[in-house]
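A closer look at the structure
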Amino acid sequence: MKILPDWLKAGYLRVIEPAAQWLVRHNVHPNTITTVGTLCTIGCGVLYGLGHIRVGGWLLGLTALFDVLDGEVARRTERSSVFGAFYDSTLDRIADGVVLGGLAVFFATRSEWWGVPMVGTCVLALIGSFLTSYTRARAEGLGIDARVGMLQRPERVVLLSAPQAFFGLAFHGLVLIAIIVLLTVTAWITAAQRVKAVHEGLQPEPAEPVRVLHDTTRARSFGAHSRRRFIAKGE
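All of these numbers come straight from a predicted model, not from anything done at the bench.

**Digging into the overall build of the protein chain**
Summing up its helical and strand segments, the protein chain has ten helices and zero strands in all. Listing every helix and strand of the protein chain by position from the N terminus yields α-α-α-α-α-α-α-α-α-α. Looking at the protein chain residue by residue over its 235 residues, the buried ones come to 35%. Of the contacts formed within the protein chain by residues at least 6 apart in sequence, a portion of 81% connects residues at least 24 apart.

Written as structure tokens, this is what we have:
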């Protein structure tokens, strides 16, 4: 499920280009950018938990640029590393957990917004988001590319920020509720798709059928020898 078209991604990269150049010029380490972005995302989760849904949505949307900037700066300064990728992925899990945890706290403290069912939905969304990341990481450890599924992390961040920024709790919170349900369902479907991809990737390739070639030369010589014996005996 591709929510973000390529033209939008290209436009976003052009918008953040001045920020990327400034960070490169001032020799800011990519891991520092990742850390600051995660701290800002934690702030978004706190805002969600306190009920400031619209403000949290705008802040999360702005914070998303750190997810792109750290990689851009790492490539331009030739600081890409295995630890950097590991560190970025680890902090992404913290960010996802805090944002969804903040939404769970919001619903738990406000029964008028379908409190208990939505708390359970947020927990399922949290488990599903962790599963999508774990299945991909585990698959890569097995040498299998499992970058498949309905919803990747960039689309998940957009769904957790843009609708909240524009709608907040409008329509009696139905927009927020629908987004969380959609995230939950697509997260579990994505995890299942990745499990299926790994299962198929681990299947042994079917062996090619062995073709038995008959020795026609030997058969012809055996037939000629039999005819000679037949003539010699006068039979």
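**Regarding the pattern of salt bridges**
The full count for this structure, using the stated rule, is eleven salt bridges. In this structure, arginine 153 engages aspartate 67 in a salt bridge whose closest nitrogen and oxygen atoms are separated by 2.8 Å. Of the two residues, arginine 153 is situated in helix α8 (residues 153–167) and aspartate 67 in helix α5 (residues 65–76); the sequence distance between them amounts to 86 residues. Here aspartate 96 and arginine 156 are joined by a salt bridge, their closest N and O atoms 3.2 Å apart. In this pair, aspartate 96 sits in helix α6 (residues 82–108) while arginine 156 sits in helix α8, placing the two residues 60 residues apart along the sequence. Neither aspartate 96 nor arginine 156 differs from the other in exposure class; each is buried. A network of salt bridges, in which partner residues are shared, links Asp67, Asp92, Arg93, Asp96, Arg153 and Arg156.

**What about the packing of helix α3 (residues 30–49) against α6?**
It is the contact of α3 with α6, at a shortest axis distance of 7 Å, that shows an interaxial angle of 10°. Between α3 and α6, the angle falls in the class roughly parallel. Across the contact of α3 with α6, the residue classes tally to twelve nonpolar, nine polar and one charged.

**A few points about the side chain of threonine 121**
Its location among the elements puts threonine 121 in helix α7 (residues 115–141). Excluding its chain neighbours within four sequence positions, the residues that come into contact with threonine 121 are Ile180, Val181 and Thr184.

**Describing the confidence of the model for the protein chain**
Residues of the protein chain with pLDDT of at least 70 account for 83%, and the chain-wide mean is 84. Summarising per-element confidence for the protein chain, the mean pLDDT is lowest in helix α10 (residues 216–232) (45) and highest in α3 (95). In this model residues 218–235 is a low-confidence stretch, pLDDT under 50, and it forms one contact with partners more than four residues away in sequence or in other chains.

**Concerning the side chain of threonine 34**
With respect to the secondary-structure elements, threonine 34 resides in helix α3. Take threonine 34: its relative accessible area is 7%, and that puts it in the buried class. At 2.9 Å, the side chain of threonine 34 and the side chain of aspartate 70 are in polar contact. Ignoring sequence-local partners within four residues, the contact set of threonine 34 consists of Asp70, Tyr87, Asp88 and Leu91.

Reading the values: the criteria
- Residues numbered from 1 in each chain as written.
- Predicted model: local features only at pLDDT ≥ 70, side-chain atom pairs only at ≥ 80, totals over all residues.
- Heavy atoms only, no water.
- Helix = DSSP H or I, 4+ residues; strand = E, 2+ residues; numbered from the N terminus.
- Buried < 20%, exposed > 50% of the residue type's maximum accessible area, 1.4 Å probe, protein only.
- Contact = heavy atoms within 4.5 Å.
- Salt bridge = Lys/Arg side-chain N within 4 Å of Asp/Glu carboxyl O.
- Axes fitted to C-alpha atoms, helices over the stretch in contact; angles between N-to-C directions.
- Parallel < 35°, antiparallel > 145°, perpendicular 65-115°, else oblique.
- Nonpolar A, V, L, I, M, F, W, Y, C, P; charged D, E, K, R; others polar.
- pLDDT = per-residue confidence, 0-100.
- Polar contact = N/O pair within 3.5 Å; in protein donor to acceptor, adjacent residues only side chain to side chain.

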